[in-house]
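Structural description and commentary
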Amino acid sequence: MSTPLLRFAPSPNGHLHLGHALSALVTWDAAARLGGTALLRIEDIDRKRCKPEFTAAILEDLHWLGLSWPQPVLIQSDRFDLYAEAANRLRDMDLLYPCFCTRTEIAAASPGTDPDGAPLYPGTCRHLSNAERIARLQRGDPVQFRLDGQAALARTGPLSFTVIGPTILDRPQIRYARPERWGDVVLQRKDLPTSYHLSVVVDDAAQTITHVTRGRDLEAATDIHVLLQMLLGLPSPYYHFHRLMRDQAGEKLSKSRQSPSLRDLRAQGWTPDDVRRAGGF
Ligand code: GLU
């Protein structure tokens, strides 16, 4: 069997907090137990929210925690052409369609919510005629591209993936994927030739990741990743979903909840061992 390869893939849209530290520690710990290597990937496709100074701070915080990784670090913003190429392959299969809807229009017509609680896409633009699509594209209307979920699933048939847990050394278990609960997801955003889902799938394959370690908050999104892997002919890694770090109110730590950053904690005198203990290591 090839050497296990894992990855930690933060988005540099703020400073790391204890939740990120837990995810990083789980990844490096799993790599050590498997006799493998943890890679670093910077998921900075969002050009408005991601900043180079946050990337620099992430590297410094991870080094402070005592973690290291092989070079080069994969930087997603260097790879837009590869994501566009993957999108074009789906387009050639007739699985991508242009969508001109605004958030307000989607919310008003949505038939329910996706696993993240966001309004499900009502499918409005799936029914546009070709002539209408061309006219609106030529007019320069802001456009995003969605995966036709039903057509995609008709091609692949039922899908499953392999989960390992609660520890990384447990026996793999097969789980059915349910991409249909996400509706027609956006694969190329209005401002970008890609999306989180597309880039993560392309890069897990490009880095030949064998084990994806990620928080339980990304468990449901794996349905879409498995669907994209099958459509693009990419291998599907093992998945390990780890617990999330919660604050006193029981909420997941996040920047929007103003969870203290690792640098704040460090300034208060925390040591890397304190962080490990807080993460249950
Ligand atoms: N970049 C994602 C995040 O910061 C994690 C990537 C993944 O595990 O798919 O939440």
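Up top is the structure these notes are about.
Residues numbered from 1 in each chain as written. Predicted model: local features only at pLDDT ≥ 70, side-chain atom pairs only at ≥ 80, totals over all residues. Heavy atoms only, no water.

**With respect to the overall build of the chain**
Selection rule: Only DSSP runs of H or I with at least four residues qualify as helices, and only runs of E with at least two residues qualify as strands; both kinds are numbered from the N terminus onward. For a compact globule the rule gives 2.2 Å times the number of residues to the power 0.38, and the radius of gyration it is set against comes from C-alpha atoms. Here a residue-residue contact requires only that any non-hydrogen atoms of the pair lie within 4.5 Å. What sets the accessible areas is the Shrake-Rupley method with a 1.4 Å probe; for residues, cover comes only from the shown protein chains. The convention is simple: Lys and Arg are positive, Asp and Glu are negative, and His and the chain ends are not counted. A charged residue contributes its charge at one atom only: NZ of Lys, CZ of Arg, CG of Asp or CD of Glu.
Within the chain, the secondary structure is distributed over 10 helices and 10 strands. In terms of overall size, the chain behaves like a compact globule, its C-alpha atoms giving a radius of gyration of 20 Å where 281 residues would be expected to give roughly 19 Å. In the chain, the proportion of contacts linking residues at least 24 apart, taken out of those at least 6 apart, comes to 78%. A total of about 14,000 Å² of accessible surface is found on the chain, and carbon and sulfur atoms cover 51% of it. Once the 34 positive and 32 negative side-chain charges of the chain are each reduced to a mean point, those two points are 2 Å apart.

**Observations regarding the side chain of Asp223**
Worth spelling out the cut-off: Polar contact is defined as a pair of N or O atoms within 3.5 Å, subject to the rule that within protein one atom must be able to donate a hydrogen and the other to accept it, and that residues adjacent in sequence are counted only when both atoms are side-chain atoms.
On the secondary structure map, Asp223 appears in helix H8 (residues 222-232). Polar contacts involving the side chain of Asp223 include one to the main-chain amide nitrogen of Arg178, which spans 3.2 Å. Residues in contact with Asp223, not counting those within four places in the same chain, are Phe161, Ala177, Arg178, Pro179, Arg181 and Trp182.

**Some points on the pattern of salt bridges**
The line we're drawing: Any carboxyl oxygen of Asp or Glu that lies within 4 Å of a side-chain nitrogen of Lys or Arg is treated as forming a salt bridge with it.
By the definition in use, this model includes 21 salt bridges. We note a salt bridge from Arg126 to Asp184, for which the minimum N-O separation is 2.9 Å. Placement of the pair is Arg126 in the loop between helix H4 (103-109) and helix H5 (130-139) and Asp184 in the loop between strand S7 (173-176) and strand S8 (186-188), with a sequence separation of 58 residues. Between Lys252 and Asp217 there is a salt bridge whose closest N-O contact spans 2.9 Å.

**Considering the packing of aromatic side chains**
To keep it simple, the criterion reads: Any pair of Phe, Tyr and Trp rings, taking the six-membered ring for Trp, is counted once the centres come within 6.5 Å. Such a pair is stacked with planes under 30 degrees apart, edge-to-face with planes over 60 apart, and tilted for the rest. When a residue's accessible area, from a 1.4 Å probe over protein chains only, is under 20% of the maximum for its type it is buried; when over 50% it is exposed; and in between it is partly exposed. Here, over-ring charges are defined by two tests on the NZ atom of lysine or the CZ atom of arginine: distance to the ring centre within 6 Å, and angle to the ring normal within 35 degrees.
Tallied over the full model, the rule gives five aromatic pairs. Relative to Trp69, the ring of Trp28 has its centre 6.2 Å away and its plane inclined at 70°; by these criteria the two rings are edge-to-face. Note that Trp28 is positioned in helix H1 (residues 18-34) and Trp69 in the loop between helix H2 (52-64) and strand S3 (74-75), a separation of 41 residues in sequence. Assessed through its relative accessible area of 10%, Trp69 is described here as buried. Aromatic side chains Phe161 and Tyr239 sit 5.8 Å apart centroid to centroid with 90° between the ring planes, which places their arrangement in the edge-to-face category. In this pair, Phe161 is assigned in strand S6 (residues 160-163) and Tyr239 in strand S10 (residues 238-242), connecting sequence segments 78 residues apart. Using a relative accessible area of 3% as the deciding quantity, one classes Phe161 as buried. One aromatic cluster is present, formed by Phe8, Trp28 and Trp69 through successive ring pairs. A cation sits over an aromatic face here: Arg91 above Phe145, 4.5 Å from the ring centre. Looking at Arg146, its charged tip hangs above the ring of Tyr121, at a distance of 3.7 Å from the centre.

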